[in-house]
Amino acid sequence: VMPLAAWGVVRHHWSTVAFANALNVAGGWLRYLAVVRSSYALAVLSSLVCGGAAAVVVCSFTAVSERWFRPSHRGLATSIAVQSNYLGWALGSLIGAAEAGEAERARAVFGWQAVAISCCLPLCLFLYRDRHAADQQQPDTAGAAASNASSALRSLASNGPFWRRAVPYAAIGGIGFSVP
């Protein structure tokens, strides 16, 4: 799946990202059905479907940095994306561990998770842009200024349009990574 995801991210970024979001939504609802029906087969299927979406996420780290950040910011932006993804997986895994053995609470949590993850697709459709407009108009003049981590972080923090899109999308995407 990974080579196909990498090809899609590079060649057809928009449609690949939209497809990954659709897979994540489907995986969330399959996970909920797995809990409701106590079906191990549906739980495995949900993991496979979410795995297809995760392949796109893993292949997108550098593509997002390339599309949204100047060359002097790309290394740090990629690092933040990778670490945020791991944080989402870690937090998501706590949901499954916290609900082990309590079927009624698990149904409620995974039901709300499916509803929350369903927000990813409309958020993607509404917030997706291929490139950051300011980066298309301005040359990279921040090379020397962003040579240390603190100045690079200040510069990244001021990229308002990116953060307004990335934060809600990443938060809801992270919710989708918990596995029953």
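Residues numbered from 1 in each chain as written. Predicted model: local features only at pLDDT ≥ 70, side-chain atom pairs only at ≥ 80, totals over all residues. Heavy atoms only, no water.

## Description of the overall build of the protein chain
Heads up, the condition is: Numbered from the N terminus, helices here are DSSP runs of H or I no shorter than four residues, and strands are runs of E no shorter than two. Categorising residues by exposure relies on relative accessible area from a 1.4 Å probe, with only protein chains included: less than 20% of the type maximum marks a residue as buried, more than 50% marks it as exposed, and the intermediate range marks it as partly exposed. We get accessible surface area from the Shrake-Rupley algorithm with a probe of 1.4 Å; when it comes to residues, only the shown protein chains can shield them.
On a plain count of helices and strands, the protein chain comes out with nine helices and zero strands. Reading the protein chain from its N terminus to its C terminus gives the helix and strand order α-α-α-α-α-α-α-α-α. Per-residue burial over the protein chain gives 40% buried out of 180 residues. Of the roughly 9,700 Å² of accessible surface on the protein chain, 68% is carried by carbon and sulfur atoms.

## A few points about the nonpolar core
In plain terms, the rule: Each nonpolar core is a collection of buried residues, namely Ala, Val, Leu, Ile, Met, Phe, Trp, Tyr and Cys, held together in the definition by side-chain atoms within 4.5 Å. Here a residue-residue contact requires only that any non-hydrogen atoms of the pair lie within 4.5 Å.
Core analysis: the biggest nonpolar cluster contains 14 residues, and A5, V9 and V56 have the highest contact counts within it. Looking at this core, the elements that each hand over two or more residues are α1 (2–11), α2 (13–37) and α3 (40–68). Tallying contributions element by element places α3 first for this core, with eight residues. With residues near it in sequence (within four places) discarded, V56 still touches A5, V9, T16 and A20.

## Topic: a nonpolar patch on the surface
Using the following cut-off: Note on patches: the residues involved have over 30% relative accessible area and no salt bridge, like charges join within 9 Å, and the nonpolar side chains Val, Leu, Ile, Met, Phe, Trp and Tyr join within 5 Å. The salt bridge criterion pairs a side-chain nitrogen of Lys or Arg with a carboxyl oxygen of Asp or Glu, the two atoms within 4 Å.
A surface patch of nonpolar side chains, amounting to about 350 Å² of accessible area, comprises M2, V58, Y86 and W89. Take M2: it is sitting in helix α1.

## Section: the side chain of T16
Inspection of the secondary structure assignment puts T16 in helix α2. Classification of T16 as buried rests on a relative accessible area of 12%. The contact partners of T16, leaving out residues within four places of it in the chain, are A5, G8, V9 and V56.

## Some words on the packing of aromatic side chains
Keep this limit in mind: Pairing of aromatic side chains here covers Phe, Tyr and the six-membered ring of Trp, requires ring centres within 6.5 Å, and sorts the geometry by plane angle: under 30 degrees stacked, over 60 edge-to-face, intermediate tilted.
Tallying each qualifying case throughout the model produces one aromatic pair. Each ring, one from W29 and one from Y32, has its centre 5.9 Å from the other, and the planes form 90°; the classification is edge-to-face. Taken together, the residues span about one helical turn, with W29 and Y32 both in helix α2 at a distance of three residues. Assessed through its relative accessible area of 34%, W29 is described here as partly exposed. Accessibility expressed as a relative area gives 24% for Y32, which makes it partly exposed.

## Focus: unusual backbone geometry
We note that S38 has phi near 50°; this positive angle belongs to a residue other than glycine. Residue placement: S38 occurs in the loop between α2 and α3. You can call S38 exposed: its relative accessible area is 65%.

## Digging into the pattern of salt bridges
Tallied over the entire structure, the rule returns one salt bridge. With a closest N to O distance of 3.1 Å, E104 and R107 form a salt bridge. Here E104 pairs with R107, and both are found in helix α5 (residues 103–118), just three residues apart, close to one helical turn.

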